[in-house]
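Given next are the chains, with one letter for each unit.
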Amino acid sequence: MLHAVLRNNFDDVQMLLEAGSDPTHHTAFQQAVLLGYTDIVKLFLDDSRTDPAADNNSAIKTAAGCGYTEIVTALLSHTNVTGMGDAPLTLAICGGHVDVVKVLIKWISITTYMIRQAVTLNHEILIILLNHVDNFAMHIDVAFSAAYSNLAVTKVLLDYIAHNYDAIEQSHTTRNQLMNQPINFAINKAIFEACKYGHEDVVRVLLASGRVNPGARDNALFRCAVKRGHTEIVRMLIADDRVDPQAKDNEALTKATFSDNTEIVEIIIARIATPGFTYAQCMVPVRPSCVAASAGSITIMKLFLKSWPHGYERAFNAAVKSNNIDMVKLLYPHIDPTSRNHVVGHAACLAQLDILQLFLDDPLVDVSVEQNRAIVMVYESDVANKNAAEMLIKCPRFDPSRDDYHTFVCTIRLHPEIALKMLTYPHIDPSADNNCALTTASVHGLTDIVKLLLSDPRVDPSVNDNYAIEISTISGYTDIVEMLLERLRGHIGVSNYKALSWAWLNGMNSARYLWERHLWRYYRVKRMFLRDHLTVDLMAHFA
């Protein structure tokens, strides 16, 4: 029997059936269906021993999937075909067999999966399904979600909705209760996908349908198109007055700037600058301008400056932190002059010497603003940049008194090599703040700095009752003690003999020798006399 079927020999099959052969032997019936031998299939169906529903209705599933319309019709007319489910129609849709679909659609209910497959594969089948579906509102979301990339299918769906809108709305009772217009919700979902993947024709058709609100969900369509860089879609959407290009703190413009998409940036700026635009067109878009400044997008920044000439303080700060000298020079004339003072510290702290020099060359920049905040930031940074500190101190506008000489002292204590240069600048007074420089250098044993200070006639080492020589003696800095004694030349206050007492009692022979020599030279006090009479009375004697 199987061999006769495979040879498509109708007469042999008929003869074997009449002779009593089993039509199901070796799956002869299933093979006839699979090969599309319609006459032989009908011959089998006329035999009462043939069960067309055997193997879970595999016969009609096979015929539907292969597109054998006549065989499907024959199987459906057989009284034993029951419980075949929706598989035959689904297979016919996936296979694109239009005639088979027309036959099966009268027997099988349409499912959402069928709608999706028809939308994706064959819009002719979709039309057939739409004409037979009982409740399209149950499938509308799926249909439009799958149709976002197919213009022809989109047109079919919109045409169907236009002719059946009332019926669809009426049948929509419980689903999607949060949406007042479920159809429009589905279309908005479709257009979002079309915007996302750049299907311009689909977006144009859906916008023209009048059922899309391009400004919905904080202008999600517009922001998505900008993010994806679909220029033409951006142009279409922004032409709608309902679209706010500055939504969510200029997110769209920020994304376009970040992507360095000059064309889209220009489109958005042109829209914002349109006369009558109701949003904050007079305000500088802060986030986008900061992104452009950080990224060094000169072209985009020039577009911003053309529409908004001033108000780029935060963008300027970002440019400085990014060490972009070209961007800094571009924005320099467009910021409040006083705001430059607060950025000097960032340039110095980050060792951006070219930018720092730009500030220092500007006579309007106050380098000592906020109690010399700039140089304090340099010293507080992880790696203090000596060149930046030196540049700040060298500037004639640097005033150490603005922070009560705190930075002045810190420079001497922490960076003596800078201090050596600092003390030679004409605008720096080495005797300032009651000779604090000499005191600090003496405390920390900075011999070179002490020597430089003592060479200046303005420096008085005897201030604070000769504290400098006293602390130098106690600390054992003999070189400094010698220089101070030489400079004082006998003009030593009474209390400084405490230092000699300290040196004597603690065995500091070098310092003691310097003192003894000094006292002998200027007071003719002998060493033996000192040893026996180094008391308070002795100190009072020299008063």
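Given the structure is predicted, the values throughout are model-derived calculations rather than measurements.

Novice: Honestly, the environment of Lys321 in this entry has me stumped. Any pointers?
Specialist: Relative to the assigned elements, Lys321 resides in helix α21 (residues 313-321). Beyond its immediate stretch of four places on either side in the chain, Lys321 contacts His346, Leu350 and Gln352.

Novice: Looking at this structure, how should I read the environment of Asp403?
Specialist: In this fold, Asp403 is placed in the loop between α27 (386-394) and α28 (406-414). We classify Asp403 as buried; its relative accessible area is 9%. Residues Asp403 and Val369, 34 residues apart in the sequence, show an inter-C-alpha distance of 9.5 Å. In contact with Asp403, other than residues within four places in its own chain, are Gln371 and Asn372. Within the local environment of Asp403, its side chain forms a polar contact with the side chain of Asn372, the two groups lying 3.3 Å apart. Within the structure, the side chain of Asp403 is placed 2.9 Å from the backbone nitrogen of Thr407, a separation counted as a polar contact.

Novice: Just checking my understanding: could you explain the packing of helix α3 (residues 28-35) against helix α4 (residues 38-45) for this structure?
Specialist: A pair of packed helices can be characterised by two numbers: the angle between their axes and the separation between those axes. α4 packs onto α3 with a crossing angle of 145° between their chain directions and a minimal axis gap of 8 Å. Handedness of the crossing formed by α3 with α4: left-handed. Counting all contacts with α3, which are made through Ala28, Phe29, Ala32 and Val33, the residues of α4 involved are Ile40, Val41, Phe44 and Leu45.

Novice: Before we go on, may I ask you to explain the packing of aromatic side chains in this structure?
Specialist: The geometry of two aromatic rings is summed up by the distance between their centres and the angle between their planes. Using the criterion set out here, one finds 6 aromatic pairs in the structure. Here a set of aromatic residues connected by ring pairs shows up, and it is made of Phe316, Tyr332 and Phe359. Taking NZ or CZ as reference, Arg217 lies 5.3 Å from the ring centre of Phe192, over its face.

Conventions adopted
- Residues numbered from 1 in each chain as written.
- Predicted model: local features only at pLDDT ≥ 70, side-chain atom pairs only at ≥ 80, totals over all residues.
- Heavy atoms only, no water.
- Helix = DSSP H or I, 4+ residues; strand = E, 2+ residues; numbered from the N terminus.
- Contact = heavy atoms within 4.5 Å.
- Buried < 20%, exposed > 50% of the residue type's maximum accessible area, 1.4 Å probe, protein only.
- Polar contact = N/O pair within 3.5 Å; in protein donor to acceptor, adjacent residues only side chain to side chain.
- Axes fitted to C-alpha atoms, helices over the stretch in contact; angles between N-to-C directions.
- Left-handed = near helix turned anticlockwise from the far one by under 90°.
- Phe/Tyr/Trp six-rings, centres within 6.5 Å; stacked < 30°, edge-to-face > 60°.
- Lys NZ or Arg CZ within 6 Å of the ring centre and 35° of its normal.

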